[in-house]
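# Residue-level structure breakdown
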Amino acid sequence: MAGHSKWSNIKHKKKKEDKKRNKIFNKHLREISVAAREGGGDPETNPRLDTAINNAKSDNVPKDNIERAIKKGTGELDEGDGKYEDATYEGYGPGGIAYFIEVTTNNYNRTVGEIRHIFSSHGGNLGTDGSVGYLFEQKGMIRIKKEDQDQEIDEDEFMLQAIDAGAEDIDTDGEVLNVTTGRESMYQVNDELEEMDYDIESAELIRIPMTEVKVESDVAESNFKLIEKFEDNDDVSNVFTNMKMDDETLAIAEQMD
């Protein structure tokens, strides 16, 4: 898990540093609308919506935008650009690396065409449903940034508290505590940590590869470029691969602009 968590931190830092804030906002707002449509507009009774709102706030999405997204999801406001829904796509990148892509789209035909084009133009190919999904396990990932806390965190004490709350694993890069949970228990663990007065930076469902593939530096760079293209796409919410994220491979990502 350490490699995956460090890669999550690298992606998070890049996201914070880039100038595509409008795209980041839109992805949060789409998630909020879908969550409100599926579970209702009250975050107290809709854990997915509550988490989506908190994640949006961590990226400074304005309150008015959040409220409009909720009303679009519940039908109180017209979704002028169409109803957004979740979808997933699977495929292979350079070196046979498996890709599992989550999207939120209002036009499946447009999105699948764009996903296919990104794959084919970067040495990969779009697969069929189920072609790589079995290679990944869905887990929850809760991020807690140490510098954002009102209290100084004792890592040993935190680990015991998180495990008691239902966490499966905890690791840190020194700045961020990454708490891994089961798919079904993420919202419960998140709520219990908040009740302990920990400030949660983000919480999301992720897909962890059950077996990772080590690649050469040129193949790693090609895959990082492919990942970046997917993440630049407005419809793409998350990109998961089974490329081994060891220190050597992650160093390549950190060096790329």
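Here is a short report on the structure shown in this document. All figures in this text were calculated on a predicted structure; none of them were measured in a lab.

Reading the values: the criteria
The numbers attached to residues start from 1 for each chain and follow its sequence in the written order. Per-residue local features of the predicted model are confined to residues with pLDDT of at least 70, and side-chain atom pairs are confined, for both listing and counting, to 80 or more; whole-chain, interface and lining totals are unaffected and use all residues. Excluded from the side-chain calculations are hydrogens and water; all other atoms, namely the structure's heavy atoms, are used. Aromatic pairs are defined between Phe, Tyr and Trp rings, using the six-membered ring for Trp, whenever the two ring centres lie within 6.5 Å; interplanar angles under 30 degrees are classed as stacked, those over 60 as edge-to-face, and all others as tilted. Every helix listed is a DSSP run of H or I at least four residues long, and every strand listed is a run of E at least two residues long, numbered separately from the N terminus. Partly exposed describes any residue whose relative accessible area lies between the buried limit of under 20% and the exposed limit of over 50%, with all areas from a 1.4 Å probe on protein chains only and scaled to the type maximum. In this analysis, strands are considered paired if DSSP registers two or more bridges between them. Every axis corresponds to a line fitted to the C-alpha atoms, with the helix fit spanning only the stretch in contact, and the corresponding angles, defined between N-to-C directions, vary from 0 to 180 degrees.

### Things to note about the packing of aromatic side chains
Applying the stated criterion across every chain, the model contains five aromatic pairs. With a centroid separation of 5.8 Å and an interplanar angle of 85°, the aromatic rings of Y99 and F119 are classed as edge-to-face. Here Y99 is found in strand β2 (residues 98-105), whereas its partner F119 is found in helix α5 (residues 108-120), with 20 residues between them in sequence. Taking relative accessible area as the criterion, Y99 reaches 0% and is therefore assigned buried. Judged by centre distance (4.9 Å) and plane angle (70°), the rings of F119 and F230 are edge-to-face. Taken as a pair, F119 in helix α5 and F230 in helix α8 (residues 217-232) lie far apart in primary sequence, 111 residues in all. Take F119: its relative accessible area is 0%, and that puts it in the buried class. One aromatic cluster is present, built from ring pairs that chain together Y99, F119 and F230.

### Looking at the sheet that holds strand β4 (residues 136-145)
Read across the open sheet, the four strands follow the order β5-β6-β4-β7; overall the sheet is antiparallel. Because the sheet does not close on itself, it has two edges, and the strands there are β5 (169-172) and β7 (202-209). In this sheet, neighbouring strand axes are inclined to one another by 30° on average, regardless of whether the strands run parallel or antiparallel. For β5 and strand β6 (residues 176-182), the ladder comprises four bridges, and the chain directions are antiparallel. Paired with D169 across the bridge in β6 is T180.

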